[in-house]
Amino acid sequence: MQSNRRTFIKSLSAASALIATESVAKPFGVPAYIPNLMKVSPNDKIRFATIGMGIQGNFDTQAALRNPDVELVGVADLYTGRLEHAKTAYGKDKDLFTTRDHREILARSDVDAVLVVTPDHWHDHITIAALKAGKHVYCEKPMVQHLNEGKAVIDAWKKSGKTMQVGSQRISSAAFQEAKRLVEAGEIGQINYIESNNDRFSAIGAWDYSIPPDASTQTVDWDRFLGDAPKRPFDEKRFFRWRNYKDYGTGVAGDLFIHLITGVHFVTNTMGPTRIYSSGNLAYWKDGRDVPDIMACIMDYPKTEQHEAFQMVLRVNFANAGKINDVTRIIGNEGQIEFSENNLIMTKKKLPIAPGYGGYDSFFTFTEPVQQEFVKGYDAKYPPETRTSEPVKEVKFTAPKDDDAHAKHFADFFDNVRKGSQGTLEDPVFGFRAAAPVLACNESFFEQKVVHWDPITMTQKNPTAPTSTRKKTIASTKSTTKKT
Ligand SMILES: NC(=O)c1ccc[n+]([C@@H]2O[C@H](COP(=O)([O-])OP(=O)(O)OC[C@H]3O[C@@H](n4cnc5c(N)ncnc54)[C@H](O)[C@@H]3O)[C@@H](O)[C@H]2O)c1
């Protein structure tokens, strides 16, 4: 029964890919719903494997498993301890397949979908290989590590006809969905400015995660970890605290701005900014890291059919010993939406037509006769009904207690797998349109330049030549498979 389904899925995947790439393209090249060609029977379990079973790999796996009719069948990781831990955590009642080599997962016919939860420099390689191997993919944010890697993932996805979801799960929360509804209903008028910050002040908050005492070249597959990054001797800090190094991670921009911008793109239906500038500094966590611990950026979003022009300012400060007040504010000309945790507060405020006079104004500097003349003219122009504004209104939205954005993000992925659809909430086109501007922040910071971006064609207008100094060929990576 299972193998029949699998043969069926396999034989249809080429046809589906054709449909995805050629006949049912939505505007901007997003393939539309592919009618049930790759449908997984509602009675079948979706069997998935997690590639990268570190901190988020565990959280993702658990969130995925909070959905019905899905099963974890395999795990790939490069640290033996995590494979052993996975067997205890998820494999008590079965023989969970574990390996250090993700290609062994991709070769298995009992794996329908993979979760790519590795450090950022592996995202594109594993995602592309998985799609080519006919797997559906849930890839963690940011979808890619560098600006020039996005299109290859999008192409592979389109060709494969498979379902893909990028993992910035907060947009599946009730609060973000409510914000989207309010903005689309015009409740805060035209958006003109968005600000968002995510500050921290702790070693773990600043990514200095615990290193296991048995870390060594025996327990860690260091060569495979390096992948397309520069070769260097084993360094446990680089392996377990990879975010602190630009060879493997994407700094605070790719790690944290990405959540902020994903939310904003979801709520405003924007395609993205055209001008991106960032500045930053390594102010406090001078522990050998080569990425800033403070960064701010400004992005210019041009007027489009979806919205008026607006400006967005994002900030992360890992050295904020002051009062931390993380907030996202979407400001329009008739109010604002402010997020707090899983809730939101909308404040509606409209100016009266009459501008008023007096107070800190030039009126008192006029002579008495001129003041009288001014008042006469003002009264004629502005009748009483134009002088008052509606009272400020505050609307609070509290998400239901059991709102589980993470599980819901997986539910959207699995539902689309079952339907044979590529229409996930955060498909790779959406994922790259969100990732590209934050990756541009890194380029802006390290190269001290303004990045000019075309959000429609998803192309950088002023790339630094040569486009890629680190050619991405991983095929030569030696197989060091170990089953634990
Ligand atoms: N969506 C979110 O809210 C969220 C939160 C945290 C992290 N993340 C993302 O999840 C990813 C992982 O972050 P983390 O905090 O779990 O890191 P981590 O260091 O805790 O885990 C990464 C794991 O990947 C493994 N790994 C590395 N290269 C591999 C390869 N080639 N094949 C198989 N396994 C490999 C490592 O052994 C490690 O166990 C990152 O992309 C990060 O941005 C997302």
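Residues numbered from 1 in each chain as written. Predicted model: local features only at pLDDT ≥ 70, side-chain atom pairs only at ≥ 80, totals over all residues.

A.B. asks: Just to check I follow, could you spell out the pairing of strand β10 (residues 310–317) for this structure?
C.D. replies: Both faces of the sheet carry side chains from a regular strand, because those side chains alternate between them. Burial runs high along β10: six of the eight residues are buried. In this sheet, β10 lies alongside strand β7 (residues 191–197) in parallel orientation, the contact comprising five bridges. Bridge assignment links Ile194 to a residue of β10, and that residue is Met312. Pairing of strand β9 (residues 294–301) with β10, which is carried by eight bridges, proceeds in the antiparallel orientation. Residue Ile294 lies in a different strand from β10, and its bridge partner there is Asn317. (Buried ≥ 20, exposed ≤ 12 C-beta atoms within 10 Å, placed from the backbone. Helix = DSSP H or I, 4+ residues; strand = E, 2+ residues; numbered from the N terminus. Pairing = 2+ DSSP bridges.)

A.B. asks: I tried to follow the packing of helix α10 (residues 251–268) against helix α13 (residues 428–447) on my own but got confused; where do I start?
C.D. replies: Between two packed helices, what matters for the description is the angle formed by their axes and the separation of those axes. Two elements in contact, α10 and α13, have axes separated by 8 Å at closest approach and are oriented at 140°. Accordingly, the angle class assigned to the pair α10 and α13 is oblique. As α10 runs across α13, the sense of the crossing is right-handed. Listed contacts from α13 to Gly251, Ala253, Gly254, Phe257, Ile258, Ile261, Thr262 and His265 of α10 are Phe430, Arg433, Ala434, Ala435, Pro437, Val438, Leu439, Cys441 and Asn442. Counted by class, the contact of α10 with α13 contains eleven nonpolar, five polar and one charged residues. (Axes fitted to C-alpha atoms, helices over the stretch in contact; angles between N-to-C directions. Parallel < 35°, antiparallel > 145°, perpendicular 65-115°, else oblique. Left-handed = near helix turned anticlockwise from the far one by under 90°. Contact = placed C-beta atoms within 7 Å. Nonpolar A, V, L, I, M, F, W, Y, C, P; charged D, E, K, R; others polar.)

A.B. asks: Is there a simple way to explain helix α6 (residues 150–160) in this structure?
C.D. replies: Turn by turn, an α-helix covers 3.6 residues, leaving residues three or four places apart pointing in a common direction. Inspection of α6 places Gly150, Val153, Ile154, Ala156, Trp157, Lys158 and Ser160 among the buried residues, and these make up the whole buried set. Downstream of α6 by a residue or two, Gly161 has a phi angle that is positive, lying close to 70°.

A.B. asks: Can you walk me through the nonpolar core in this structure?
C.D. replies: Taken as a class, soluble globular proteins show a tendency for nonpolar side chains to be buried jointly. With 95 residues, the main nonpolar core has Phe48, Val114 and Phe257 as its most contacted residues. Considering every element that reaches this core, the biggest residue donor is α13, with eleven residues. (Core = buried A, V, L, I, M, F, W, Y, C linked by C-beta atoms within 7 Å.)

A.B. asks: Just checking my understanding: could you explain α13 for this structure?
C.D. replies: Its 20 residues give α13 an end-to-end C-alpha distance of 27 Å, which sits within 8% of 28 Å, the value for a rise of 1.5 Å per residue. Within two residues after α13, Gln448 carries a phi angle of roughly 50°, on the positive side. (Expected span 1.5 Å × (residues − 1).)

A.B. asks: Please clarify how unusual backbone geometry should be interpreted in this entry.
C.D. replies: Residue Pro142 follows Lys141 across a cis peptide bond; omega there is -15°. A positive phi angle is found at Trp207, which is not glycine, with a value near 80°. Here Trp207 lies in the loop between β7 and α8 (222–226). The phi torsion at Gln448 lies on the positive side, around 50°, for a residue other than glycine. One can find Gln448 in the loop between α13 and β15 (451–454).

A.B. asks: Explain the site of the ligand to me, please; I cannot follow it from the model alone.
C.D. replies: Looking at the ligand, there are 27 residues lining it, with Gly52, Gly54, Gln56, Leu78 and Glu140 nearest. Looking at the shell around the ligand, the elements with two or more residues in it are α2 (55–65) and α8. (Near = placed C-beta within 6 Å.)

The analysis is restricted to geometry; functional conclusions fall outside its scope.
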